[in-house]
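Chain and residue survey
Residues per chain are reported as follows:
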Amino acid sequence: MKTVLITLLILTSSWIVQAEDEIKIKITADLPYLDVRHNGKIVRIMRIQDPEHRLSNSYAKTSRPCPPFCVHPIKLTDNVQTVGVLELLDFLDNQVKKGKGALVDARLPQWYEKGTIPGSVNIPFPILTAGTDNPHTARILKLLGGKQSKDGKWNFENARELMLYCNGLWCGQSTRAIMALIKIGYPENKLFWYRGGMQDWQLLGLTTVIP
Amino acid sequence: MKYLKKLLLYIPLIWVLTGCQQSDTEKQSDRQAEASQQQAADDENKETASTKVIPSVDEQPDQPLSIDEFNDAIYEVVQDSIQDAVENAVEDEVTKEEQQK
């Protein structure tokens, strides 16, 4: 019995080591993948392991009419931090896991349904731009940790940190959501902008999920 | 000379005793001051407590939601807003059609 158990243990551990060794295209040298929760399941974020893989979907497209699809500056406001993929993964692994933050896909549901970043939640930008008089906006703000006093003022002192994104450098949906949140009074230092969005994510061959 | 010797002996003794008595008096007055300060602070606290507004149940922090609960709750709001938007759009269309008639 003892021998069987030891053999099983050795086989399992060697299988795990082998599985990790099989990841040739890692995210960073020290980070082969990241497991996150999405729709009640664990999803592994990793890069596509085929070195010949090319994008063939709508994110392979380079040119869209501007306006409205114009290139955004690197900095949206003085205090909203612009981030990249590694900061996003760190955010998922820490703030989101601990319930202190939310990764927000600010696109319209029809975009979100085509595929999104695992661990994200869809808050379409029109809900945030509708203003606090809108009951849905108020419900969302409350879920994010905002508190409304009797005089109608919002307090976001204990609200979650939010990292927002949309389709890419040329997409205005996340920027509109961020500007709306700032207008409502959401502290800028609790807002982060993944400017590269879905295009940047998919250019690196990172996992997407269809909700 | 005899008295002088006695005097020299007693002077430090008297000085020490007087000094101790003085410091005792100081300590006592310090204690009294502390007590009155404490009393004032207690009174102030009592006053603040009696005027303090206790937040209603709604204003008190909610239990933190788990990731799944939070995502489900957000999803529900988004679905409600979509439903409302659809209903409003249909209503707008009906109104437009009626106006055209």
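Residues numbered from 1 in each chain as written. Chains lettered and ligands numbered in written order. Predicted model: local features only at pLDDT ≥ 70, side-chain atom pairs only at ≥ 80, totals over all residues. Heavy atoms only, no water.

Some words on the packing of helix H5 (residues 135–143) of chain A against helix H2 (residues 67–100) of chain B
To keep it simple, the criterion reads: For every element, the axis is a line fit to its C-alpha atoms; helices are fit only across the contacting stretch, and the angle between N-to-C directions ranges from 0 to 180 degrees. Helix and strand assignments come from DSSP, with helices taken as H or I runs of at least 4 residues and strands as E runs of at least 2, each series counted from the N terminus. Angular relationships are summarised with four words: roughly parallel below 35 degrees, roughly antiparallel beyond 145, roughly perpendicular across 65 to 115, and oblique for the angles in between. Here, residues are in contact when the closest pair of their heavy atoms is within 4.5 Å. The classification used treats Ala, Val, Leu, Ile, Met, Phe, Trp, Tyr, Cys and Pro as nonpolar, Asp, Glu, Lys and Arg as charged, and all other residues, Gly among them, as polar.
Contact geometry for H5(A) and H2(B): axes closest at 10 Å, N-to-C directions at 170 degrees. By the angle between their directions, the pair H5(A) and H2(B) is classed as roughly antiparallel. Two secondary-structure elements touch here, H5(A) through His136(A), Arg139(A), Ile140(A) and Leu143(A) and H2(B) through Phe70(B), Ala73(B), Ile74(B), Glu76(B), Val77(B), Asp80(B), Ser81(B) and Asp84(B). Partitioning the contact of H5(A) with H2(B) into residue classes produces six nonpolar, two polar and four charged.

Thoughts on the state of the cysteines
Residues and elements named next belong to chain A. Convention followed: By definition, disulfides here are pairs of cysteine sulfur atoms that lie within 2.5 Å. Only protein chains enter the accessibility calculation, which uses a 1.4 Å probe. A residue is then buried if its area is under 20% of the maximum for its type, exposed if over 50%, and partly exposed in between.
Tallying each qualifying case throughout the model produces two disulfides over all chains. Here Cys66 engages in a disulfide with Cys70; their sulfurs sit 1.9 Å apart. Taking the torsion about the sulfur-sulfur bond, which here is approximately 100 degrees, the covalent link between Cys66 and Cys70 counts as right-handed. The partly exposed category is assigned to Cys70, whose relative accessible area is 23%.

Concerning the packing of aromatic side chains
Worth spelling out the cut-off: By convention, a stacked pair of Phe, Tyr or Trp rings (six-membered ring in the case of Trp) has centres within 6.5 Å and planes under 30 degrees apart, an edge-to-face pair has planes over 60 apart, and any other such pair is tilted. Lysine and arginine charges are scored as sitting over a ring when NZ or CZ, respectively, is within 6 Å of the ring centre and within 35 degrees of the ring normal.
Enumeration according to the criterion identifies five aromatic pairs over all chains in this entry. Ring geometry for Phe156(A) against Tyr186(A): centres 4.7 Å apart, planes inclined by 40 degrees, an arrangement best described as tilted. Placement of the pair is Phe156(A) in the loop between strand S7 (154–155) and strand S8 (161–165) and Tyr186(A) in the loop between helix H6 (173–184) and strand S9 (191–194), with a sequence separation of 30 residues. Each member of the pair, Phe156(A) together with Tyr186(A), is buried. Each member of the aromatic cluster is reached from another via a ring pair, and the members are Trp154(A), Phe156(A) and Tyr186(A). Here the guanidinium or amino end of Lys114(A) rests over the ring plane of Trp111(A), the centre of that ring lying 4.6 Å away. The ring of Phe70(B) is capped by Arg160(A), whose NZ or CZ atom sits 3.7 Å from the centre of that ring.

Here's the deal with H6(A)
Residue pairs spaced three or four apart in an α-helix point in one direction, given the helix's 3.6 residues per turn. Residue and element names in this part refer to chain A. Rules: Expected helix span is taken as 1.5 Å per residue step, with the number of steps being one fewer than the number of residues.
The terminal C-alpha atoms of H6, which comprises twelve residues, lie 17 Å apart, in line with the 16 Å expected from a rise of 1.5 Å per residue. Looking at H6, one finds that the buried residues are Gln173, Ser174, Thr175, Ala177, Ile178, Ala180, Leu181 and Ile184. Looking at the buried residues of H6, the elements they touch are helix H3 (109–112), helix H4 (125–129), H5, S8 and S9. Phi turns positive one or two residues past the end of H6, at Gly185, with a value near 115 degrees.

What to know about the side chain of Arg160(A)
Definition in use: Lys and Arg are tallied as positive, Asp and Glu as negative. Neither His nor the chain termini are counted. Whenever a carboxyl oxygen of Asp or Glu lies within 4 Å of a side-chain nitrogen of Lys or Arg, that contact is scored as a salt bridge. Two N or O atoms count as a polar contact when they lie within 3.5 Å, although within protein this holds only if one can serve as hydrogen donor and the other as acceptor, and sequence-adjacent residues are included solely when both atoms are side-chain atoms.
Note on placement: Arg160(A) falls in the loop between S7 and S8. Of the buried charged residues, Arg160(A) lacks a salt bridge, with Glu69(B) as the closest side chain of opposite charge at 8.0 Å. One polar contact links the side chain of Arg160(A) to the main-chain carbonyl oxygen of Gly99(A), over a distance of 3.4 Å. Once residues within four sequence positions are removed from consideration, Arg160(A) is found in contact with Gly99(A), Lys100(A), Gly101(A), Ala102(A), Leu143(A), Leu144(A), Tyr186(A), Lys190(A), Leu65(B) and Phe70(B).

Points about a negative patch on the surface
What counts is decided by this rule: To count toward a patch, a residue needs a relative accessible area above 30% and no salt bridge. Like charges then connect within 9 Å, nonpolar side chains (Val, Leu, Ile, Met, Phe, Trp, Tyr) within 5 Å. Here the Shrake-Rupley method, with its probe set to 1.4 Å, supplies the accessible areas, and only the displayed protein chains count as covering residues. By convention, the point assigned to a charge is CZ for Arg, NZ for Lys, CD for Glu and CG for Asp.
Together, Asp84(B), Glu87(B), Glu91(B), Asp92(B), Glu93(B), Glu97(B) and Glu98(B) line one region of the surface with negative charge. Looking at the element boundaries, Asp92(B) is found in helix H2.

A look at the confidence of the model for chain B
Close inspection of predicted coordinates is inappropriate for parts of the model with low pLDDT. Residues and elements named next belong to chain B. Applied cut-off: For every residue, the predictor states its confidence as a pLDDT score lying anywhere from 0 to 100.
Taken over all residues, the pLDDT of chain B has a mean of 66, while the share at 70 or more is 37%. Low pLDDT, under 50, characterises residues 47–61; the predicted model gives this stretch five contacts beyond four residues in sequence or across chains. Taken over the whole predicted complex, pTM reads 0.73, whereas the ipTM for its chain interfaces reads 0.84.

Thoughts on the interface of chain B and chain A
Applicable threshold: Note on terms: buried area is the combined drop in 1.4 Å-probe accessible area of two parts once they are placed together, counting the loss on both.
Taken residue by residue, the interface counts 18 residues in chain B and 20 residues in chain A. Summed over both sides, the interface of chain B with chain A buries roughly 1800 Å², with 62% coming from carbon and sulfur. Put simply, Arg139(A) and Glu76(B) hold a salt bridge, and the shortest N to O gap is 3.9 Å. Seen at the junction of chain B and chain A, the total is four residue pairs in polar contact (both at pLDDT 80 or more). Here the residues of the side of chain B that touches chain A sort into nine nonpolar, three polar and six charged.

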